[in-house]
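In case you want the letters, here they are:
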Amino acid sequence: MKKIMEKISILSLSLVLTTSFSISSALPAMFDFYKGYPADKVELLVSLPSVGIMVMLVLNSFLERFLSERTMIVTGLLVMSLCAFVPLFNQSYSVVFLSRLIFGLGTGMINAKAISIISERYHGKERVQLLGYRGSAEVVGTALLTLIVGQLLRFGWTVTFLAYSFCFLVLGLFLFFVPYEKGEDYHNEQGKKEK
């Protein structure tokens, strides 16, 4: 059971990787709210995390010198989760703009790690299977958060961003079920103990 929960927790990282566009259904309400801004600037709030993701992918090799894989994943999930609350408390365009950029940086911190963590911890058929599931998890995550956003939209566009607090659940799973060790040695040791 513990190994199954570890796999689910690792795969759950991919649930949140492609969710930055999930709030696009809130755009009409955002257009109404930001009437003084051109439509393209309001639309930018949806796609802006992509810039943060690209910046972080470039900086990842530099950050890896100072931060462990676990620290980067935990930090990334925390940043994504906390950015969910910013539009709820401050709707200023510049503040929401900055929070979306930071959200992208958080996503970028876990982006490459969501793939490498599988390659480091699993081998052979198990690795291939999990990498396949990981791709599916991205699609499921996007669909799930888009559905949540649709339900939250009735309470106002700012509330839709709370869908990203789903990252807290992913963070909890990761902290509780994914051990600090990694690689073949860890799984070999686990196998010996179970025997």
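Presented here is an overview of the structure given in this document. Owing to the predicted nature of the structure, the values given are computational and were not obtained by experimental measurement.

1. Details of the pattern of salt bridges
This model, assessed by the stated rule, comprises four salt bridges. A salt bridge links Glu126 to Lys7; its shortest N-O distance comes to 2.7 Å. In this pair, Glu126 is assigned in helix α8 (residues 124-152) and Lys7 in helix α1 (residues 2-15), connecting sequence segments 119 residues apart. For Lys113, the salt bridge is made with Glu64, and the minimal N-O distance between the two is 2.4 Å. Within this pair, whereas Lys113 is found in helix α7 (residues 93-121), its partner Glu64 is found in the loop between α4 (49-63) and α5 (69-83), the two being separated by 49 residues in sequence. Owing to a relative accessible area of 7%, Lys113 belongs among the buried residues under this scheme.

2. Quick notes on the state of the cysteines
Among covalent bonds in proteins, the disulfide is the one between the sulfur atoms of two cysteines. In total, this model carries zero disulfides according to the counting rule given. A disulfide-free cysteine, Cys83 has its sulfur positioned 9.6 Å from the sulfur of Cys167, the nearest such atom. Judged by relative accessible area, which is 0%, Cys167 ranks as buried.

3. Some details on the environment of Leu144
Among the structural elements, Leu144 can be located in helix α8. With a relative accessible area of 32%, Leu144 lands in the partly exposed category. Separated by 129 residues in sequence, Leu144 and Leu15 place their C-alpha atoms 8.7 Å apart.

4. Regarding the packing of aromatic side chains
Counted under the stated rule, the structure contains 11 aromatic pairs. An angle of 90 degrees between the planes, with centres 5.0 Å apart, marks the rings of Phe33 and Tyr34 as edge-to-face. A residue is classified by how much of its surface remains accessible, and Phe33, at 44% relative accessible area, is partly exposed. Of the residues examined, Tyr34 reaches a relative accessible area of 4% and is grouped as buried. Each residue in the set Phe33, Tyr34, Tyr37, Tyr93, Phe97, Trp157 and Phe161 is aromatic and connected to the rest through ring pairs, giving one cluster. Sitting over the ring of Phe103, Arg100 keeps its end group 5.3 Å from the ring centre.

Cut-off values and rules
Residues numbered from 1 in each chain as written. Predicted model: local features only at pLDDT ≥ 70, side-chain atom pairs only at ≥ 80, totals over all residues. Heavy atoms only, no water. Salt bridge = Lys/Arg side-chain N within 4 Å of Asp/Glu carboxyl O. Helix = DSSP H or I, 4+ residues; strand = E, 2+ residues; numbered from the N terminus. Buried < 20%, exposed > 50% of the residue type's maximum accessible area, 1.4 Å probe, protein only. Disulfide = S-S within 2.5 Å. Phe/Tyr/Trp six-rings, centres within 6.5 Å; stacked < 30°, edge-to-face > 60°. Lys NZ or Arg CZ within 6 Å of the ring centre and 35° of its normal.

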